[in-house]
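A closer look at the structure
Now for the letters of each chain:
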Amino acid sequence: IVLDSNWRWTHKVGDYTNCYTGNSWDTSLCPDPTTCAANCALEGVDYAATYGITTSGSSLNIKFVTQGQYGTNIGSRVYLMQDDNNYQMFKLLNREFTFDVDVSNLPCGLNGALYFVEMMQDGGMSEYSGDKAGAKFGTGYCDAQCPHDMKFINGQANTIDWKPSPNDKNSGTGLYGTCCIEMDIWEANSKASAYTPHVCTVQTQTRCSGTQCGDGSNRYGGVCDKDGCDFNSYRMGDKSFFGQGQVVDTNKPFTVVTQFITNDGTDNGYLSEIRRIYVQDGKIIDNSRANFPNFRGYNSISDSFCTDQKTLFGDRNDFAAKGGLKALGAALQRGMVLVMSLWDDHEVYMLWLDSDYPVTSSPTTPGVARGPCSTSSGRPADVESQYPNSNVKFSNIKYGQIGSTFGH
């Protein structure tokens, strides 16, 4: 695995002078994006001591808060490598992807995520002359939120219009965002979980600016579907399926199987359904079913599920507008990079995953209640001080033909 470039120490080439300190750039080293990229280097990392990332056999453990020699690290994001200079590319159309996870030590407000994004295999090194680091140093991230907080995009520093975050001392946002199709296989803590495809009208990692990024009130005017089409058992009306002591018991590890089904059951078909199965204590557990009057029975994601779910919840179907499952299937055919991360949420405190959201809506309105956590939970200052030793463990990653990666 490799750590994302954004977490790395960024300093002057051949020197210990910071190019970036806290959440601001050094303007003498970084007067413009190209000069900055030439002047500044990304450092190698001590995974365990500085970032709290450890591996053992086929298992990855990501710790939440790590007190290192040079400061405090909060969360992290890593990618699976094929070799030293290339990310592993997964082509999962008409295949299934399986892993084990332990979320028992993840409280409200944290998200231990495992997902796929359509990054470039080499991190953009061959495409962009300014990128001398590449996948070896975790460059080239993108997702369907078109994040503006990436310090380097397309081999240039994201220094133009850089604004330090008012509530995150390590982060800021620049003029550019970095967009691509995203398949959230797993976003979860011990209280709630969701799996969510997001599609975009662009292929592979794409830098955005202005309206393309879909920022703020222009959320639906950008190139990516930021809402996605989510299946969260609690939000879909089954509040006793996933959690501590529930059907899928988050006090113990379990196996998560995700199947990418094509319309004709062959590699040449288009993506028509994303199915979910759990295995725990040797028992196969089918995904929960939607449980609302006039909206019952669905236990997987299909274009018709997305349409009916968005209609019921009063949400705009941007997923369909930007290509639906066929667009995701095409990306699964082209190849996507595996991301594993642990993070807290400075914007809306992960309430969209594990609480009532939007907080201004009644929790009895379908789609508002997403998990059992309080709407006052998930504040980064609280979770970082109260639950610094939180962690997530991912292990036994497998992929293959439908039905081949778990015991029946």
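This is a predicted model, so every value here is computed, not measured. Going along each chain's sequence as written, the residues are numbered from 1 onward. The model is predicted, so local features are restricted to residues of pLDDT at least 70 and side-chain atom pairs to those at 80 or more, both for listing and for counting; the totals for chains, interfaces and linings are taken over all residues. Here the side-chain values reflect all heavy atoms present in the structure, with hydrogen atoms and water set aside.

Only protein atoms enter the 1 Å grid, on which a cavity is a set of points fitting a 1.4 Å probe that cannot get out and a pocket is an open set with protein on both sides within 12 Å along at least 5 of 7 lines, lining residues being those with an atom within 4 Å of a point. Grid points are joined across faces, edges and corners, and a volume is the space filled by probe spheres set on the points. All told, the structure shown has one cavity of 30 Å³ or more when counted by the stated rule. Quantified by volume, the largest cavity comes out at close to 50 Å³. In terms of lining, the largest cavity is formed by Lys191, Ala192, Ser193, Asn232, Ser233, Tyr234, Asp238, Phe241 and Phe242. Across the lining of the largest cavity, the residue classes break down as four nonpolar, three polar and two charged. For this classification, Asp, Glu, Lys and Arg are treated as charged, while Ala, Val, Leu, Ile, Met, Phe, Trp, Tyr, Cys and Pro are nonpolar and the rest, including Gly, are polar.

This part takes up the confidence of the model for the protein. For the protein, the mean per-residue pLDDT works out to 97, and 100% of the residues sit at or above 70. Summarising per-element confidence for the protein, the mean pLDDT is lowest in strand β30 (residues 295-296) (80) and highest in strand β25 (residues 248-249) (99). Across the chain, each position has a pLDDT score giving the predictor's confidence in that residue, from 0 to 100. Labels follow the DSSP assignment, with helices taken as runs of H or I lasting at least four residues and strands as runs of E lasting at least two, numbered in each case from the N terminus.

All right, on to the state of the cysteines then. For this text, the term disulfide refers to a pair of cysteine sulfurs within 2.5 Å. Under the counting rule described, the total for this entry stands at eight disulfides. Residue Cys30 pairs covalently with Cys36 via a disulfide, S to S 2.1 Å. Its S-S torsion of about 55° marks the bond between Cys30 and Cys36 as right-handed, since a negative value means left-handed. Considered together, Cys30 and Cys36 belong to a single accessibility category, that of buried residues. One disulfide bridge connects Cys108 with Cys373, the sulfur atoms lying 2.1 Å from each other. Handedness of the Cys108-Cys373 disulfide follows from its S-S torsion of about -85°: it is left-handed. Note on classification: 1.4 Å probe, protein chains only; a residue is buried when its accessible area is under 20% of the maximum for its type, exposed when over 50%, partly exposed between these limits.

Let us now look at the layout of surface pockets. Once rolled over the atoms, a probe with the size of a water molecule shows which space is left empty. Quantified by volume, the second largest pocket comes out at close to 310 Å³. Forming the boundary of the second largest pocket are 23 residues, of which Gly130, Asp131, Ala133, Thr139 and Phe152 lie nearest the centre. Listed by contribution, the elements that provide at least two residues to the lining of the second largest pocket are α1 (33-39), β5 (40-42) and β16 (152-153). Residue composition of the lining of the second largest pocket, grouped by class: 12 nonpolar, nine polar and two charged.

Below, the discussion takes up unusual backbone geometry. Between Tyr357 and the following residue, Pro358, the backbone shows a cis peptide bond with an omega angle of 0°. Take Pro358: it is sitting in the loop between α6 (351-354) and α7 (380-386). Phi angles above zero are rare outside glycine, and Tyr349 is one such case at about 60°. By secondary structure assignment, the location of Tyr349 is in the loop between β31 (336-344) and α6.

In this section: the side chain of Asp4. Along the chain, Asp4 turns up in the loop between β1 (2-3) and β2 (10-12). For this analysis, a polar contact is any N or O atom pair within 3.5 Å, provided that within protein one partner can donate a hydrogen and the other can accept it, and provided that sequence-adjacent residues contribute only side-chain to side-chain pairs. Of the polar contacts made by the side chain of Asp4, one reaches the backbone nitrogen of Asn6; its length is 2.6 Å. Not counting residues up to four positions away in its chain, the partners in contact with Asp4 are Arg77, Tyr79, Phe137, Gly138, Tyr141 and Met150. In what follows, residue pairs with any heavy atoms lying within 4.5 Å of each other are defined as contacts.

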